Amino acid sequence: MIITEERPQQSESVALLARARAGDPDAYCELAAACEARVFRQALALCHDPTAAEDLTAETLIEAWKSLRRFDGTCRFSTWLYAILIHRFQKAVRRARSRPLTLADLPRGERDAGQSGLERLPDSQPLPADNLVRQEQTARLRAAIDSLPPMHQQVVLLRFYEEASLAEIATALGLSLGTVKSRLHYALDKLRRMPALVNLSDPPEDT
């Protein structure tokens, strides 16, 4: 009989999570430190601003600590964190839309007419054509997803960006599996109808 040992890193993470759920703040700080870089990358992909991404990361980790006792382990911890991140991001977007736009909200390039657009470019070398096409496709896809209602954005982002299973999404969002499937089906159908998007396929139904 072949005995496979549990990976030390995975075992350590499980132990930290158990201690954190029991109320050990030091254990949670260690667990959060291990997750912080990934959460920040995900936050940056959502808001495209390093400062805002730092704030969003901090808010996500703080909220996760406050509600950690509700995490029951039936989905991955990373999926649960990402669900919190999306919720915080959508809340920030709604808050920003409710206040009037001021001059300080505009990017510096729009306020400073004396600065040339070329001076703001990080590199004057042109990108390969395939990179440009890929970036354009990614931008169009993200813009299309951003146009969806928040409850449909959540399931799409969790499914395709976090690669969470349907069951994990249901657990992370506190929804039934049927509701997750319905929202995902609606979102994908709406995305397929957008002229700029093609070849989106449904995720597997059995995971």
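So, here is what we can say about the structure in this document. Just so you know, these numbers come straight off a predicted model, no measurement behind them.

1. A short note on the packing of aromatic side chains
- Inspection of the entire model under this criterion finds four aromatic pairs.
- Summarising the aromatic geometry, the rings of tyrosine 28 and tryptophan 65 are spaced 5.1 Å apart at their centres and angled 35° between planes, so their arrangement reads as tilted. Here tryptophan 65 lies in helix H3 (residues 50–66) and tyrosine 28 lies in helix H2 (residues 25–47), a separation of 37 residues in the sequence.
- On the numbers, 5.9 Å between centres and 35° between planes, the contact of phenylalanine 77 with tryptophan 80 is tilted. Placement of the pair is phenylalanine 77 and tryptophan 80 together in helix H4 (residues 77–97), with a separation of three residues, close to one helical turn. The two residues phenylalanine 77 and tryptophan 80 agree in class, both being buried.
- Joined through ring pairs, the aromatic side chains of Phe71, Phe77 and Trp80 make up one cluster.

2. Some points on unusual backbone geometry
- A positive phi is found at histidine 48, a non-glycine position, where the angle reads about 60°.
- Looking at the element boundaries, histidine 48 is found in the loop between H2 and H3.
- Notably, glutamate 163 is not glycine yet its phi reads approximately 60°, a positive angle.
- You can see glutamate 163 is positioned in the loop between helix H7 (150–160) and helix H8 (166–173).
- On the accessibility criterion, glutamate 163 (62% relative accessible area) is exposed.

Calculation notes
- Residues numbered from 1 in each chain as written.
- Predicted model: local features only at pLDDT ≥ 70, side-chain atom pairs only at ≥ 80, totals over all residues.
- Heavy atoms only, no water.
- Phe/Tyr/Trp six-rings, centres within 6.5 Å; stacked < 30°, edge-to-face > 60°.
- Helix = DSSP H or I, 4+ residues; strand = E, 2+ residues; numbered from the N terminus.
- Buried < 20%, exposed > 50% of the residue type's maximum accessible area, 1.4 Å probe, protein only.

Spatial relationships are all this shows, so hold off on functional conclusions.
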